[in-house]
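# Observations on chain architecture
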Amino acid sequence: MTSDQVHQLNYLLSLGIALLALLGSAGAQLQVGFYAKTCPNAEIIIGEEMTRVMKVAPSLGGPLLRIFFHDCFVRGCDASLLLNHTSKSNLTEKDAGPNQFLRGFGVIDGIKAKLEKACPSTVSCADVIALIARDVVHLDKGPYWEVPTGRRDGRVSIANEALQLLPAFTANISTLKSQFAGKGLNAKDLVVLSGGHTIGNAHCFAVTNRIYNFTGRGDSSDTDPTLDKNYIARLRSKCSPAAADATKLLEMDPGSFKTFDNSYFKLVAKRRGLFQSDAALLDDPETKAHVFRLANASPDLFFQDFAVSMVNMGNVGILTGSQGEVRKHCARVN
């Protein structure tokens, strides 16, 4: 056995031990292999379809991962984010500002249709997006982990709740730690899950005030002092203050935005995090220590931590048993 093979075996063993310990103490209502008897090919169907999708549309990795994040932070991991509004007076989470630029809902609907054909009214939309999140990370060269399943789908989705509960890209560290603690997630989870910003794009409007008018003075030197000056120059070359540039795309992890790795933490450590919420991770001794720990370690450490934190987040506010329902179509209640 080569040294690389030994290293990989040790990584897989340590990841397995960490996940077994976690699954033994948390999320007991969910279980790995929940559909083993009722829909044994469910994960295969999802995995094969995601492999096909990512080959033709690799930029969907980031948005599909963020759908799971954004869903779990509002009403828990119940697929309430996927529901369409039924009238203009009944807007859903999908209509809320923070979710306006998410993509991939059609992919989810297509996978759900395949699952309904194979196993009608069996696999929940909440589990579908949890499994998709794992698969896109793995297909982007990140870790693979066993996803506990058995979630049920919610019947309620309210746009204002998304506005109130989703962590904002402008949030400070106190707000971020409080929001994560409110979901049963700790400071380590906050940092590790922020590492999801290693894949995908953002838009210029998310950073414009940091590089042009941070305090409102309006002069050219009015920039966010926590942002590296060379990175400011680079961002200005891509984003002007003009309204026309507001929705222009920016790589969240420049040069590595299609590869799931620990380069995000290396950038944050150098004060090159794109969002204020990224920079905020350096404003607290505990979160800062985790940033530098992950920046200076091998990607395997981040992979192990990310798998554990994703399982943690996947247990937030879940519906199980007879709660909720298993939707036939993810965009509408039964």
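Residues numbered from 1 in each chain as written. Predicted model: local features only at pLDDT ≥ 70, side-chain atom pairs only at ≥ 80, totals over all residues. Heavy atoms only, no water.

### Regarding the packing of aromatic side chains
Following the criterion strictly, the structure yields 13 aromatic pairs and no others. Taking the centre distance of 5.0 Å and the plane angle of 75° together, the rings of phenylalanine 265 and phenylalanine 302 count as edge-to-face. Of the two residues, phenylalanine 265 sits in helix 11 (residues 263–269) while phenylalanine 302 sits in helix 14 (residues 299–313), which places them 37 residues apart along the sequence. Taken individually, phenylalanine 265 and phenylalanine 302 each receive the classification buried, so the pair is uniform in this respect. One aromatic cluster is present, formed by Trp145, Phe260, Tyr264, Phe265, Phe302, Phe303 and Phe306 through successive ring pairs. Across the ring face of phenylalanine 105, the terminal group of lysine 94 is positioned such that the distance to the ring centre comes to 4.5 Å. (Phe/Tyr/Trp six-rings, centres within 6.5 Å; stacked < 30°, edge-to-face > 60°. Helix = DSSP H or I, 4+ residues; strand = E, 2+ residues; numbered from the N terminus. Buried < 20%, exposed > 50% of the residue type's maximum accessible area, 1.4 Å probe, protein only. Lys NZ or Arg CZ within 6 Å of the ring centre and 35° of its normal.)

### Quick look at a nonpolar patch on the surface
Side chains of Phe101, Phe169 and Phe205 sit close together on the surface and give an oily, nonpolar patch of about 260 Å² of accessible area. Here phenylalanine 101 falls in the partly exposed class, since its relative accessible area comes to 42%. (Patch = residues over 30% accessible without salt bridge, like charges linked within 9 Å, V, L, I, M, F, W, Y side chains within 5 Å. Areas by Shrake-Rupley, 256 points an atom, 1.4 Å probe, with all protein chains shown as cover. Salt bridge = Lys/Arg side-chain N within 4 Å of Asp/Glu carboxyl O.)

### Thoughts on the environment of leucine 163
In this fold, leucine 163 is placed in helix 6 (residues 159–165). Here the alpha-carbon distance between leucine 163 and glutamate 93, two residues 70 residues apart in the chain, equals 8.3 Å. Residues in contact with leucine 163, not counting those within four places in the same chain, are Ala96, Gly97 and Pro98. (Contact = heavy atoms within 4.5 Å.)

### Some words on the UniProt feature "active site" (unreviewed entry) in the protein
Following the UniProt record, the feature "active site" (unreviewed entry) maps to His70 here. With respect to the helices and strands, histidine 70 occurs in helix 3 (residues 61–72). The residues contacting histidine 70, other than those within four sequence positions of it, are Leu81, Pro98, Asn99, Leu102 and Leu166. (UniProt positions renumbered as here; feature names shortened; annotations may be inferred.)

### A short note on empty space enclosed by the protein
For the structure shown, the criterion picks out four cavities of 30 Å³ or more. Around the largest cavity, the lining residues are Phe68, Ala130, Arg134, Trp145, Val147, Pro148, Arg151, Met310, Val311 and Gly314. Only helix 5 (125–139) and helix 14 provide two or more residues apiece to the lining of the largest cavity. (1 Å grid on protein atoms, 1.4 Å probe; cavity = no way out; pocket = protein on both sides within 12 Å on 5 of 7 lines; lining within 4 Å. Points joined across faces, edges and corners; volume = space filled by probe spheres on them.)

### Overview of the state of the cysteines
Should the sulfur atoms of two cysteines be covalently bonded, the bond is a disulfide. Scanning all chains against the criterion turns up four disulfides. A disulfide bridge connects cysteine 204 with cysteine 239, and the sulfur atoms are separated by 2.0 Å. In this structure, the disulfide formed by cysteine 204 and cysteine 239 twists by about -75° around the S-S bond and is classed as left-handed. Pair noted here: cysteine 204 is in the loop between strand 1 (201–203) and helix 9 (208–211) and cysteine 239 is in the loop between helix 10 (229–238) and strand 2 (249–251), with a separation of 35 residues, a long-range link. When its relative accessible area of 0% is taken as the criterion, cysteine 239 is described as buried. When the cysteines engaged in disulfides are numbered in sequence order, the protein pairs them as 1-4, 2-3, 5-8, 6-7. (Disulfide = S-S within 2.5 Å.)

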